[in-house]
Amino acid sequence: MQHGPVQRLGLTGGIGSGKSTVARLLVDAGAALIDADAISRQVTAPGGAAIPLITQRFGPQAITPEGAMDRDAMRRLAFSDPASRRQLEAIIHPLVGLETARQAEQALQAGNPCIVFDIPLLVESGRWRQQLDRVLVVDCSEATQISRVMARSGWTQEAVQKVIDGQASRAARRAAADVCIYNDGLSLDALGLIVRQISRRFGL
C-alpha cells in the first residue's frame with residue numbers, strides 16, 4: 001500500500017566509493033533500483049540499441065568480435081579525446097534516458113515507496129538534479145578508492161587515478177548531496193546500519 005508520495009532518490013559516488021553496495025542495501029530496505037550503468041551496458045551489449053550508431057560513428061574497431069562495444073578501447077579514447085567522449089555520450093545518454101524512464105514508470109505502477117536512480121555521473125551531467133527529490137552521495141578518500149578498485153578490478157594505480165580525475169571532485173559531489181555517507185573504514189555491517197537508519201528518510 002502506498003503511503004505518501006514516491007521518493008525519487010539519486011545515488012552517486014566516485015569509482016570505488018561503495019556506491020553499488022549502498023544501492024544493494026537500499027534494495028534490501030524495499031527500494032526499487034534503476035541502475036544507469038547497467039542500462040548503459042545493456043544498450044552497448046551485442047544487439048544493443050547503441051551498437052549500429054557506435055559502429056557508424058567510430059568504425060568497426062569500436063566493436064568486439066562478439067558484437068559489443070569495446071569498453072576498454074572506448075574508455076581510452078574518451079579519456080584522451082574529449083570530442084569523442086561527447087559524441088559517444090550523445091549516442092548512449094538518450095538511449096539510457098528512455099530505458100530509465102520506462103523502468104521508473106514500471107516501479108511507480110508497482111507502488112514502490114522509493115525509486116533509487118544509481119547514476120555514476122549525476123553531478124557531471126547537470127541534467128539529473130531537477131528530476132530527483134534527494135541526492136545521496138557515497139564518499140571516501142581517494143586512497144581508498146584507488147586501493148579498492150586495484151583490488152577489485154586489477155587496474156593499475158594510474159588507470160584508477162585517470163578515472164578519478166575524469167569524474168567530479170569529491171567536493172563537488174558533496175556540495176550536490178542532500179545526504180552523504182562517508183564510507184571509509186566501515187565494515188559491511190556498520191554501513192548496513194547507516195543505510196537502514198537513513199532509508200527511513202526516503203519512505204522505506
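Definitions and cut-offs
Residues numbered from 1 in each chain as written. Predicted model: local features only at pLDDT ≥ 70, side-chain atom pairs only at ≥ 80, totals over all residues. Heavy atoms only, no water. Buried < 20%, exposed > 50% of the residue type's maximum accessible area, 1.4 Å probe, protein only. Helix = DSSP H or I, 4+ residues; strand = E, 2+ residues; numbered from the N terminus. Contact = heavy atoms within 4.5 Å. Core = buried A, V, L, I, M, F, W, Y, C linked by side-chain atoms within 4.5 Å.

A. How the structure looks around helix H1 (residues 19-28). Of the residues making up H1, those classed as buried are Lys19, Thr21, Val22, Ala23, Leu25 and Leu26. Along its buried surface, H1 packs onto strand E1 (7-13), strand E2 (32-35), strand E3 (114-118), strand E4 (134-139), strand E5 (179-182) and helix H10 (188-199). Positioned one or two residues after H1, Gly30 has a phi angle of 115 degrees, which is positive.

B. Local environment of the nonpolar core. Ala50, Ile54, Phe58, Met69, Leu88, Ile92 and Phe117 are the most contacted members of the largest nonpolar core, which has 29 residues in total. Secondary structure elements with two or more residues in this core: E2, helix H2 (36-43), helix H3 (51-58), helix H5 (82-109), E3 and E4. Among the elements that make up this core, the one with the highest residue count is H5 (seven residues). Those residues in contact with Ala50 that sit more than four places away from it in its chain are Val43, Thr44, Ile91, Ile92 and Leu95.

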